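Chains, contacts and geometry: an overview
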Amino acid sequence: MGRMGQTLISLAESERIRVASAKDAGDSLENGFSDSRVAIDFSFHGATPELAEACARRAIPLVIGTTGHSEGERSRILDCRGSIPIVWAGNYSIGVNLLSYLSETAATVLGNQYDPEIMEIHHRHKKDAPSGTALNLAEAIEAAAPFVDARRHHGRNGESGERPHSEIGLHAIRGGEVVGEHTVFLIGEYDRIELTHRAYDRRLFASGAYRAARWVVNRQPGLYSMRDVLGLVQAGAQKP
């Protein structure tokens with residue numbers, strides 16, 4: 001009954017998906033699997049391990065969009081990857097995953113003669129900063145060889161000193177009802193490259209999750225990312 005759960009249900013018909021069972025975190029998982037070919041989790045981090053173990057017992061592939069898992073919860077989920085294929089991503093927007101891939105590629109090609117800065121804008125109700133997607137973009141840049149030892153700098157204030165090349169700046173803006181906007185700046189001495197993704201509707205996350213669901217049903221057991229789903233895997237690609 002959460003925001004993403006309702007979005008998934010409302011979009012199912014247009015995506016040619018049949019919802020066999022819908023459950024909230026805390027609901028019994030003893031039934032609802034018999035007609036299911038794949039499970040999608042956008043619930044609560046504490047509920048994901050039980051769902052993953054239930055899927056593993058029934059050989060049902062799993063798509064995880066929930067975030068914030070503890071190390072213990074992650075360990076229980078990862079234990080299931082030997083039994084079922086799992087797609088695990090912090091963001092199911094196809095555009096954002098492409099942005100991550102392009103950011104890593106650009107950082108690899110340009111090297112540390114270009115300074116990476118990440119700016120994100122979200123609605124005023126968002127409680128965390130920087131966003132999880134901004135942090136994932138920082139990880140993508142850190143996967144590029146020139147930035148493996150880069151230090152993250154969250155905002156700047158006062159006498160912050162000269163900016164070193166081995167730094168990734170992150171900046172958060174909050175206001176209105178912005179669904180989400182992320183820009184990666186790569187700033188050189190003579191030019192600047194900007195890679196931007198703007199989300200207009202939360203249905204893009206549901207659509208991406210359904211794409212992952214269709215893809216994962218034909219895979220061998222293991223852990224996969226949205227880069228695998230989109231065919232964007234490269235050396236240094238981050239896992240969740």
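Before reading on, note that the structure itself is shown above.
Described below are features of the structure shown in this document. Keep in mind the model is a prediction, meaning the values are calculated, not measured.

This part takes up the pairing of strand S3 (residues 85–88). Strand residues, when the strand is regular, have side chains that alternate between the two faces of the sheet. Alternating positions in S3 separate into two faces, Pro 85 and Val 87 on one and Ile 86 and Trp 88 on the other, with burial throughout. Pairing of strand S2 (residues 62–64) with S3, which is carried by three bridges, proceeds in the parallel orientation. Bridging across to S3, Leu 62 finds its partner in Ile 86. Each parallel crossover has a hand, and the one from S2 via helix H3 (residues 71–78) to S3 is right-handed. Pairing analysis gives three bridges linking S3 to strand S9 (residues 222–224), with the strands arranged parallel. Looking at the pairing, Val 87 lines up with Tyr 224 of S9.

Bringing the packing of helix H1 (residues 3–12) against helix H6 (residues 203–216) into the picture now. One can describe the packing of H1 onto H6 by two numbers: an axis separation of 9 Å at closest approach and a directional angle of 70 degrees. In terms of axis orientation, H1 runs roughly perpendicular to H6. With respect to the hand of their crossing, H1 and H6 are arranged in right-handed fashion. Mapping the contact onto sequence places Met 4, Thr 7, Leu 8, Ile 9, Leu 11 and Ala 12 in H1 and Arg 203, Phe 205, Ala 206, Ser 207, Ala 209 and Tyr 210 in H6. For the contact of H1 with H6, a count of residues per class yields nine nonpolar, two polar and one charged.

Each aromatic ring pair is summarised here by two numbers: the centre-to-centre distance and the angle between the ring planes. Taken as a whole, this structure holds two aromatic pairs when the rule is applied. When the ring of Phe 42 is compared with that of Tyr 92, the centres are 5.8 Å apart and the planes differ by 65 degrees; the resulting orientation is edge-to-face. One end of the pair, Phe 42, is in the loop between strand S1 (39–41) and helix H2 (48–58); the other, Tyr 92, is in the loop between S3 and helix H4 (94–110), and 50 residues separate them in sequence. Residue Phe 42 is classed as partly exposed on the basis of its relative accessible area of 23%. Residue classification places Tyr 92 among the buried residues on the basis of a relative accessible area of 1%. The interplanar angle of 80 degrees and the centroid separation of 5.1 Å between the aromatic rings of Trp 215 and Tyr 224 together place this pair among those described as edge-to-face. Among the residues examined, Tyr 224 registers a relative accessible area of 17% and is labelled buried. When the ring centre of Phe 33 is taken as reference, the NZ or CZ atom of Arg 58 above it lies at 4.5 Å.

We now examine helix H5 (residues 132–142). If you check which residues of H5 are buried, you get Thr 133, Ala 134, Leu 137, Ala 138, Ala 140, Ile 141 and Glu 142. On its buried side, H5 packs onto H4, strand S4 (115–122), strand S5 (151–154), strand S6 (167–174), strand S7 (180–187) and helix H7 (226–230).

A word on the sheet that holds S9. Ordered in space as S1-S2-S3-S9, the four strands form an open sheet in which the pairing is parallel. Taken across any chain shown, the strands that pair with only one partner, and hence form the sheet edges, are S1 and S9. For this sheet, the mean inter-axis angle between neighbouring strands, taken without regard to orientation, is 20 degrees. Pairing of S1 with S2 involves three bridges; the strand directions are parallel. Each residue of the ladder has a partner; that of Ala 39, found in S2, is Leu 62. Taken strand by strand, H3 contacts S2, S3 and S9, and its axis lies near 145 degrees from that of S3. Sheet contacts for H6: S1, S2, S3 and S9; angle to S3, the most-contacted strand, approximately 160 degrees.

Scoring rules and cut-offs
- Residues numbered from 1 in each chain as written.
- Predicted model: local features only at pLDDT ≥ 70, side-chain atom pairs only at ≥ 80, totals over all residues.
- Heavy atoms only, no water.
- Buried < 20%, exposed > 50% of the residue type's maximum accessible area, 1.4 Å probe, protein only.
- Helix = DSSP H or I, 4+ residues; strand = E, 2+ residues; numbered from the N terminus.
- Pairing = 2+ DSSP bridges.
- Right-handed = clockwise from strand over helix to strand, strands pointing away.
- Axes fitted to C-alpha atoms, helices over the stretch in contact; angles between N-to-C directions.
- Parallel < 35°, antiparallel > 145°, perpendicular 65-115°, else oblique.
- Left-handed = near helix turned anticlockwise from the far one by under 90°.
- Contact = heavy atoms within 4.5 Å.
- Nonpolar A, V, L, I, M, F, W, Y, C, P; charged D, E, K, R; others polar.
- Phe/Tyr/Trp six-rings, centres within 6.5 Å; stacked < 30°, edge-to-face > 60°.
- Lys NZ or Arg CZ within 6 Å of the ring centre and 35° of its normal.

The analysis is restricted to geometry; functional conclusions fall outside its scope.
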